[in-house]
Amino acid sequence: MRSVYVAGEALMDLIPVAGGDRVPMVGGGPANTAKAVARLGYTAYFIGGISSDGYGKAIEDELSASGVDLSLVYRGDESTALAIATIDENGLAKYDFELEGTASFAFDASWLPSGEPDVIHVGSVATLIEPGSSALHEWVSTKSAPVIFDPNVRPSIQSEKSVYRAAVERWIDVATIVKLSEDDLNFLYGDSADSVVSSWLDRGVSIVVVTRAEKGLKAYSQGDLVEVPAVKVDLVDSVGAGDTIGAVLVEGVLNHGVENLAGETLRSVLSRAAKAAAITCSRAGANPPSREELEAF
């Protein structure tokens, strides 16, 4: 069975509902991606920290229910990190975070696994927050598997663009595929975004996938550009949509190999990712589709 390491944070999203209350939902981009990979039928090991507190128990229960393998996680008494969400009038989510001193970011060489998966997906806030991000980067650097990197930029955590750019740029040199949103690119690089994507390809990244919400997806590689439209649904919220796209990219690497992700094959993978993201957007929270749901859509 082919295996995937999905590395990064698991935290608790506090999602607003009617009446002004907030409902806790399991979140964190990497945790969402791990769920999505597992629901697509692959062996997904979550590489991250899970607290012994009540939120941590809820995270463990939900990831396990989706089929995520938790045998390699760090388990600690530190609290669970929180992401406090605000949903705008268009259904788009923005977050404030409580992260300091949590189990969610306790990355350290003492527990990071020595195994070799078929694909590594790494990303989100765990690739930014020190000292864990350096430990995670060093660990990924020792692996031979292709690496999908999703920075999942959060300006509310680090608003200084030069600091955030430096954190992202460090990961480019270990990444095989970079997946990020158009908003991520614009926040970090502004008018230089196109040249930055070209520079990443020159530095050895094979594919850069840019998600553009209702405008669909673009994928850049050396000498090639593949673009697919978004799939229209009745939007509930966008929580977990990008993470679902990341999971379908993992599936594409497993099924085709990075070297074969080009032309119509890449277009097919991106179209499948757009469908999967649409399903996630059609329901509340990070609730990615199973393989059966995606095939039937």
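For the structure, see preceding data.
Just so it is clear, the model here is predicted, and its values are computed rather than measured.

Thresholds applied
Residues numbered from 1 in each chain as written. Predicted model: local features only at pLDDT ≥ 70, side-chain atom pairs only at ≥ 80, totals over all residues. Heavy atoms only, no water. Helix = DSSP H or I, 4+ residues; strand = E, 2+ residues; numbered from the N terminus. Rg over C-alpha atoms; globule rule 2.2 N^0.38 Å. Buried < 20%, exposed > 50% of the residue type's maximum accessible area, 1.4 Å probe, protein only. Contact = heavy atoms within 4.5 Å. Areas by Shrake-Rupley, 256 points an atom, 1.4 Å probe, with all protein chains shown as cover. Core = buried A, V, L, I, M, F, W, Y, C linked by side-chain atoms within 4.5 Å. Pairing = 2+ DSSP bridges. Expected span 1.5 Å × (residues − 1). Axes fitted to C-alpha atoms, helices over the stretch in contact; angles between N-to-C directions. Salt bridge = Lys/Arg side-chain N within 4 Å of Asp/Glu carboxyl O. 1 Å grid on protein atoms, 1.4 Å probe; cavity = no way out; pocket = protein on both sides within 12 Å on 5 of 7 lines; lining within 4 Å. Points joined across faces, edges and corners; volume = space filled by probe spheres on them. Nonpolar A, V, L, I, M, F, W, Y, C, P; charged D, E, K, R; others polar.

A. Inspection of the overall build of the protein chain at higher detail. What the protein chain contains, in helices and strands, is 9 helices and 14 strands. The C-alpha radius of gyration of the protein chain comes to 17 Å, within 12% of the 19 Å expected for a compact globule of 297 residues. Taken along the three principal axes of its C-alpha coordinates, the protein chain extends 50 × 45 × 40 Å. Within the protein chain, the fraction of its 297 residues that count as buried is 55%. Sequence-distant contacts in the protein chain: of pairs separated by 6 or more residues, those separated by 24 or more amount to 69%. Accessible area of the protein chain: about 12,200 Å², with a carbon and sulfur share of 48%.

B. Layout of the nonpolar core. Counting residues in each nonpolar core, the largest one holds 51 residues, and the members touching the most others are Phe46 and Leu270. With 9 residues, helix α8 (residues 263-281) is the single largest residue contributor to this core. In contact with Leu270, other than residues within four places in its own chain, are Val209, Leu217, Ala219, Val226, Val228 and Leu249. Ranked by size, the runner-up nonpolar core spans 49 residues in total, among them Ile47, Leu99, Phe105 and Leu136.

C. View of the pairing of strand β1 (residues 3-7). Within β1, 5 of the 5 residues are buried, which leaves the element mostly enclosed by the surrounding structure. Taking every second residue as pointing to the same face, both faces of β1 are buried, with Ser3, Tyr5 and Ala7 on one and Val4 and Val6 on the other. Pairing geometry for β1 and strand β4 (residues 43-47), over 5 bridges, is parallel. Each residue of the ladder has a partner; that of Ser3, found in β4, is Thr43. Across 4 bridges, β1 lies against strand β9 (residues 119-123) in parallel orientation. Each bridged residue has a counterpart across the sheet, and for Ala7 the counterpart in β9 is Val122.

D. Inspection of the side chain of Thr211 at higher detail. Secondary-structure assignment places Thr211 in strand β12 (residues 207-211). Residue classification places Thr211 among the buried positions, given a relative accessible area of 12%. Not counting the four nearest positions on each side in its chain, Thr211 is found in contact with Lys179, Leu180, Ser181, Glu182, Gly216, Leu217 and Ile245.

E. Inspection of α8 at higher detail. Helix length check: α8 (19 residues) gives 27 Å between terminal C-alpha atoms against 27 Å at 1.5 Å per residue, within 8%. The set of residues buried in α8 consists of Leu266, Val269, Leu270, Arg272, Ala273, Ala274, Ala276, Ala277, Ala278, Ile279, Thr280 and Cys281. Its buried side turned inward, α8 meets β12, β13 (217-221), β14 (224-228), α7 (241-256) and α9 (291-296).

F. Examining the environment of Gly246 more closely. The topology assignment puts Gly246 in helix α7. Residue Gly246 is classed as buried on the basis of its relative accessible area, which comes to 0%.

G. Representation of the sheet that holds β1 in the model. Pairing in this open sheet of 8 strands is mixed, and the strands run β4-β1-β9-β10-β11-β12-β13-β14 from one edge to the other. Each edge of the sheet is formed by a strand with only one pairing partner; in this case those strands are β4 and β14. Neighbour to neighbour, the strand axes of the sheet diverge by 15° on average, direction disregarded. Note that strand β11 (residues 177-181) and β12 share 5 bridges and pair parallel. Bridged to Val178 within β12 is Val208. Strand contacts of helix α3 (residues 132-141): β1, β4, β9 and β10 (147-150), with the helix running at about 160° to β1, the strand carrying the most contacts.

H. Focus on helix α1 (residues 29-39). Taken across its 11 residues, α1 has 10 buried, putting it largely inside the fold. When α1 is considered as a whole, its buried residues turn out to be Gly29, Pro30, Ala31, Asn32, Thr33, Ala34, Lys35, Ala36, Val37 and Ala38. Tucked inside the fold, the buried residues of α1 contact β1, β3 (22-27), β4, α2 (54-65), β9 and α7. Just beyond α1, the residue with positive phi is Gly41, at close to 100°.

I. Inspection of the pattern of salt bridges at higher detail. Taken as a whole and judged by the stated rule, the model has 13 salt bridges. One salt bridge in this structure joins Arg203 and Glu169, with 2.4 Å as the shortest N-O distance. A residue pair is termed long-range when its members are at least 10 positions apart, and Arg203 in the loop between α6 (193-202) and β12 and Glu169 in helix α4 (residues 161-172) qualify at 34 residues. Residue Arg203 is classed as partly exposed on the basis of its relative accessible area of 35%.

J. Expanded view of empty space enclosed by the protein. Scanning the entire structure with this criterion turns up 1 cavity of 30 Å³ or more. Roughly 30 Å³ of internal volume is contained in the largest cavity. Surrounding the largest cavity, Ser124, Thr127, Leu128, Phe149, Pro151, Tyr164, Ala167 and Val168 form its lining. At 3 residues, the largest contribution of residues to the lining of the largest cavity is made by α4. Considering only residue class, the lining of the largest cavity consists of 6 nonpolar, 2 polar and no charged.

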